[in-house]
Amino acid sequence: MATIKVKLRPSSVVGRAGTVYYQVTHRRATQQITTNIRLQPDEWDAIGEQVVVSVADKSIIQNRIDSDIALLKRIVKDLDSSGVTYSVGDIIKRYKSLECYVSVLDFMKNQIRLMRNANRLGTAQNYEKTMKNFAEFLGGVNLPFSAMTEQLVAEYNAFLVQRGMVRNSI
């Protein structure tokens with residue numbers, strides 16, 4: 001059975017954010033999967049392997065981490081149940097092949113392009129406003145569709161209400 005840990009590699013430059021990575025260990029072999037998640041050391045709880053509560057975008061970042069870990073655990077479970085001997089490299093290879101996901105913002109950009117090509121400019125403009133608001137809500141984190149949860153949508157709704165949007169606009 002493989003183990004998966006979430007860790008923060010501090011930056012070698014003082015004052016710069018470190019990188020969150022996943023450490024996968026199986027049969028005494030260890031490999032790392034580097035993410036594009038950047039956090040300051042005081043924003044990371046090393047013992048709990050999670051983002052510190054005081055970070056503004058904690059739920060979005062933690063949701064992305066939880067989604068990645070769930071995917072890795074699912075891969076390990078599938079490999080264990082197959083009965084075939086596997087290595088830590090096999091886990092990483094499967095994860096990387098599944099990592100080529102279409103992100104929510106990339107999907108939205110593609111839909112906007114399709115609307116413009118179909119000369120549906122009003123719809124494209126509405127989609128652009130929605131994408132801009134959602135990107136602002138995400139704070140620069142581009143999520144895969146697997147990270148879209150009911151809780152995330154509720155938090156986005158609260159974000160829009162806080163900005164003064166009325167129910168019909170939301």
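Please read all numbers here as calculations on a predicted model, not as lab measurements.

Asker: Outline the packing of aromatic side chains, listing residues and values.
Answerer: Inspection of every chain in the model, using the stated rule, returns five aromatic pairs. Their ring planes at 55 degrees and their centres at 5.4 Å tell us that Phe137 and Phe159 sit as a pair that is tilted. Of this pair, Phe137 sits in helix 4 (residues 121–138) while Phe159 sits in helix 5 (residues 150–162); the two residues are 22 residues apart in sequence, bridging distant segments of the chain. Relative accessible area serves as the criterion here: at 9%, Phe137 is assigned to the buried category. Relative accessible area serves as the criterion here: at 18%, Phe159 is assigned to the buried category. The cationic tip of Arg9 hangs over the ring face of Tyr21; the distance from NZ or CZ to the ring centre is 4.4 Å.

Asker: Tell me about helix 5, and please be specific about residues and values.
Answerer: Residues that lie three or four places apart on an α-helix share one face, since the helix turns once every 3.6 residues. Taking 1.5 Å per residue, 13 residues should reach 18 Å; helix 5 reaches 18 Å between its end C-alpha atoms and fits that length. For helix 5, the complete set of buried residues consists of Leu152, Tyr156, Phe159 and Leu160. Down the axis, helix 5 shows its buried residues gathered within 95 degrees of arc, on one side only. Exposed and oriented more than 90 degrees from the buried face of helix 5 are Glu150, Gln151 and Gln162. Where the residues of helix 5 are buried, they touch helix 1 (58–82) and helix 4.

So, how was this worked out
- Residues numbered from 1 in each chain as written.
- Predicted model: local features only at pLDDT ≥ 70, side-chain atom pairs only at ≥ 80, totals over all residues.
- Heavy atoms only, no water.
- Phe/Tyr/Trp six-rings, centres within 6.5 Å; stacked < 30°, edge-to-face > 60°.
- Helix = DSSP H or I, 4+ residues; strand = E, 2+ residues; numbered from the N terminus.
- Buried < 20%, exposed > 50% of the residue type's maximum accessible area, 1.4 Å probe, protein only.
- Lys NZ or Arg CZ within 6 Å of the ring centre and 35° of its normal.
- Expected span 1.5 Å × (residues − 1).
- Arc of directions from axis to C-beta.
- Contact = heavy atoms within 4.5 Å.

Function cannot be inferred from these measures alone, as they are strictly geometric.
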